[in-house]
Number of protein chains: 2
Amino acid sequence: MSIQQERRTPDSENHSDSNSKTIDWPKVTKPPTVGIIGGGQLAQMLYQSAISLGIEAHLFASPTDEAAPKYFRDITRASSESWTPPEIYHFAQKCDAVTFDHELVSPNIVRELEKRGCLMLPTASTLELSANKANQRQRLTQLGYSLPPYQICNTLSEITSFGARYGWPIVIKPSTGGYDGRGVYMVDGETDAASIFNSLSSHLPFVVEPKLQLDAEGSVLAVRSTTGECLTYPMVKTLQVEGMCREVTSPGDFPQEIAAEARRVAGKLAEELEVIGILAVEFFVIDGKLMVNELAPRPHNSGHITIEANVTSQFENHLRAVLGLPLGSTDLRVPAAAMVNLISNSNSQNLLPLLPAALSVKGASLHLYSKSSRKNRKIGHVTVTAGSVEEALEAAHQTVDHLSGLEILEG
Amino acid sequence: MSIQQERRTPDSENHSDSNSKTIDWPKVTKPPTVGIIGGGQLAQMLYQSAISLGIEAHLFASPTDEAAPKYFRDITRASSESWTPPEIYHFAQKCDAVTFDHELVSPNIVRELEKRGCLMLPTASTLELSANKANQRQRLTQLGYSLPPYQICNTLSEITSFGARYGWPIVIKPSTGGYDGRGVYMVDGETDAASIFNSLSSHLPFVVEPKLQLDAEGSVLAVRSTTGECLTYPMVKTLQVEGMCREVTSPGDFPQEIAAEARRVAGKLAEELEVIGILAVEFFVIDGKLMVNELAPRPHNSGHITIEANVTSQFENHLRAVLGLPLGSTDLRVPAAAMVNLISNSNSQNLLPLLPAALSVKGASLHLYSKSSRKNRKIGHVTVTAGSVEEALEAAHQTVDHLSGLEILEG
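Scope of this entry: the structure provided in the associated data block. (Residues numbered from 1 in each chain as written. Chains lettered and ligands numbered in written order. Predicted model: local features only at pLDDT ≥ 70, side-chain atom pairs only at ≥ 80, totals over all residues.)

### Details of the packing of helix 6 (residues 156–166) of chain B against helix 7 (residues 190–199) of chain B
Residue and element names in this part refer to chain B. Cut-off, in case you're wondering: Helix axes use the C-alpha atoms of the stretch in contact, all axes being lines fitted to C-alpha atoms, and the angles between their N-to-C directions lie in the range 0 to 180 degrees. Here a strand is any run of E in DSSP of at least two residues, a helix any run of H or I of at least four, and the numbering for each starts at the N terminus. Helix crossings get a hand from a simple test, with the near helix turned counterclockwise from the far one by less than a right angle marking a left-handed crossing and a clockwise turn marking a right-handed one. Any two residues are considered in contact once their C-beta atoms, placed from the backbone, lie within 7 Å. Asp, Glu, Lys and Arg are counted as charged, while Ala, Val, Leu, Ile, Met, Phe, Trp, Tyr, Cys and Pro are counted as nonpolar; the rest, among them Gly, fall into the polar class.
Put simply, helix 6 and helix 7 touch, their axes get as near as 10 Å, and they point 145 degrees apart. Of the two elements, helix 6 crosses helix 7, and the hand of that crossing is right-handed. Across the interface between the two elements, L156, I159, T160 and G163 of helix 6 pack against E190, A193, A194 and F197 of helix 7. In the contact of helix 6 with helix 7, the residues fall into five nonpolar, two polar and one charged.

Here it is as structure tokens:
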């Protein structure tokens, strides 16, 4: 347990360089304020949990953010997509702790805010690791974790040698700029590699991998509080289609020793990397062996299922962690559950007329994100809890198919 | 199924007398707006469900309302505690349907809004029934439901004869003005009766009952949509202390035939009274026999447990019903659950320093209402789901005891 220090006084002139200031609960007389940078669905779901806990939540949103600004009462809108440090500092000053809806925030800006006495969680160091895939892989290798084979490449010839060694196609992941299937390139040969190299050279170095044959993919959420308390959620199975998470099932049907090892690894990572809040650890299982694929230090798509399936949702536990409150139980409270993402299939989809059909699937818990349609954009998700994963998955897909208009197209 | 009619156009001049206009989903192009009158915890929890469904929710709050205004984005504040029909009409016009956080709204105002084309749910007729205990009892008697013995009394001599016949003490409930233990008077004898009669004569007639020996109390929520679909929730057991709900356990440990009969009665009542939204039916069990005690046509304290324990919460189903969407499954998704209310024990209670101790009870789902402390005010609740009701109840009480400072007082 870390020693809790003085509570930061918002708008105080007395800034220090320390970023270890946490909330001193015995002295708290009014609900603390959590600032959330970014106005997507994660902010929206964090807000629902903030309401239950009775804490204040202020949003810092870009001019084009659509989901969370529809519901937050206290919103600061940035002047443009590329906000300036002064405006974000002005926002952070009013909050007792600041967290994130996404990791597209410059770690340098976050570090500057930390220097000025703002409690930023995750910290700049954590964001630096997650914002750069090459740094992340190298750090995980240093720490001794099992990773899929990869090479950090800075030149085209390094890439083509890798292709020659492992066989084409190979997978190229630029260090920065990718999420939700963007930023993962399947490359067929030297010509293709040259074209990717030239167009994405501003995102060098690249993480280069052979095309892997996976047994399965899974994910474990760890959550770690400013007090040092750390818990992990049971391992879920994830299904990715074209690099985007399509469905999640819980509990994942992994061998018991794999699931236990994954939780141990996720908890150890959260502690070794000193993450505060949720750390999502994505795993590959290859030839029966567990490997760390990627980290995300925030509530994660693979954890949306925890809202209905687990005693404490990832969103509530993220807030508890950031606020230095005891973490809630991560246990499943149902036998089984499935979550299916609702992904926009066009730029002009109007879901609303399909809502009655979708909600006629008994047992479906629908979460719409209030985002306009854009092809391949995640605009909602459906969770179903049931006696078995198969039953839950079928009902969740049925609901999503209704909303996608698929049952009309397919007759 | 009722026939859906044209969607009301907000701000339209074309008002009709019909109150059967519902949302015409096949033609909906933007999320409908639900107006909520009253800014307490029910509005707050309805808001959390509105966020998941992606619908808009606007709040009409009194100047002193504390809970929901802290979180709603769109709020209309009344000019005073006794708002005027024009200001509420101005609010209702902007909404596709209007529902309520409490039943303290004059049915006459609601009827006037209905005449002007606003979709008010529950309707003025339903509110009339719930706002007057004498009318409610008489209507239930007409419909042939089993009720505890009672008499509607208009004079002091009727009350004293009732006392003589059944034996003192008796229970007096003025027709109007009571909730949460207020408006229920245990009367010892003639002198006491005269004093109550004189001070509360503006709330005549009185419902007068003998002091009953209850086996148990329970509650069933029915939910009925504008489409006519009607579902009931499994019966829960309630424990009242000094007329206020203290704890709820689910499933209630009633004999199977009592629980089934209670669900049948609640569903039949919702249909016969043409309630839209949640109808909470409170039951007494006396000498093994089920009797209807009271009705409330809104999300109900005995249904807060459904947030964690049931597939669809009462709040989401209330919104689905009001919007004419298919209702969600009311089934329990856990083996057992318990809810305990957090009731203020003083006028100056600061819960926040006690939060870490309370949340250290693993498994507790806390809901704080952001209301200031006032002795005997409900300021939050805790739900725990578990393998057994006993286990859930113990953890819920532990959490509430921490927040009440009891574990400090009792050592």
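### What about the sheet that holds strand 2 (residues 56–61) of chain B?
Residues and elements named next belong to chain B. What counts, and what does not: Pairing between two strands is assigned when DSSP locates at least 2 bridges connecting them.
Pairing is parallel in the open sheet, where four strands are placed in the order 3-2-1-4. What marks the edges here is a single partner per strand, and that holds for strand 3 (74–77) and strand 4 (97–100). Put simply, the sheet's adjacent strands are angled 25 degrees from each other on average, direction ignored. Relative to strand 4, strand 1 (residues 33–37) is paired through four bridges, and the arrangement is parallel. Within strand 4, the position partnered with G35 by the bridge is V98. Across the sheet, helix 1 (residues 41–53) touches strand 1 and strand 2, and the angle it forms with strand 2 is around 165 degrees.

### What about the nonpolar core?
Spelled out, the test is: By definition, a nonpolar core groups buried Ala, Val, Leu, Ile, Met, Phe, Trp, Tyr and Cys residues that connect through C-beta atoms lying within 7 Å of each other. Burial is judged by counting the other C-beta atoms within 10 Å of a residue's own C-beta: 20 or more makes it buried, 12 or fewer makes it exposed, and any count in between marks it as partly exposed, with every C-beta position built from the backbone.
Core analysis: the biggest nonpolar cluster contains 215 residues, and V281(A), A396(A), V281(B) and A396(B) have the highest contact counts within it. Discounting residues that sit within four places of it in the chain, V281(A) has contacts with S219(A), V220(A), A222(A), V265(A), A266(A), L269(A), V292(A) and L295(A).

### Quick notes on helix 6 of chain B
All names here are of chain B. Threshold: To be clear, the arc concerns the directions from the helix axis to the C-beta atoms.
All of the buried residues along helix 6 are I159, F162 and G163. Across the axial projection of helix 6, the buried residues extend over an arc of 100 degrees, all falling on one side. Exposed and oriented more than 90 degrees from the buried face of helix 6 are S157, A164 and R165. Packed against the buried residues of helix 6 are strand 5 (151–153), strand 6 (170–174), helix 7 and strand 8 (206–210). Once helix 6 finishes, G167 follows within two positions and takes phi at roughly 90 degrees, a positive value.

### Focus on the interface of chain B and chain A
Of the residues lining the interface, 36 residues belong to chain B; the matching set on chain A comes to 36 residues. Contributing elements (two or more residues each) for the side of chain B that touches chain A: helix 1, helix 11 (355–359) and strand 16 (364–368) of chain B. When residues in the side of chain B that touches chain A are grouped by element, the largest group, five residues, is from helix 1 of chain B. Classifying every residue of the side of chain B that touches chain A gives 19 nonpolar, 13 polar and four charged.

### Examining the packing of helix 3 (residues 107–115) of chain A against helix 4 (residues 124–131) of chain A
All names here are of chain A. Where we set the bar: An angle below 35 degrees is read as roughly parallel, one above 145 as roughly antiparallel, one from 65 to 115 as roughly perpendicular, and any other as oblique.
Where helix 3 contacts helix 4, the two axes come as close as 9 Å, and the packing angle between them is 175 degrees. Judged by the inter-axis angle, helix 3 sits roughly antiparallel to helix 4. Taken together, the residues of helix 4 that come into contact with helix 3 (itself represented by P107, V110, R111 and E114) are A124, L127, E128 and A131. Split by residue class, the contact of helix 3 with helix 4 holds five nonpolar, no polar and three charged.

### Overview of the relation of the copies chain B and chain A
Heads up, the condition is: All copies are superposed by least squares; the fitting set is the C-alpha atoms of residues with a pLDDT of at least 70 in both.
Overlaying chain B with chain A gives an RMSD of 0.1 Å, the required rotation being 180 degrees about an axis along which the chain moves by 0.0 Å. In short, the pair behaves as if placed about a two-fold rotation axis. Using C-alpha coordinates, one finds that chain B approaches the rotation axis most closely at R73(B), a distance of 2.1 Å.

Remember that the coordinates give geometry; whether it matters functionally is a separate question.
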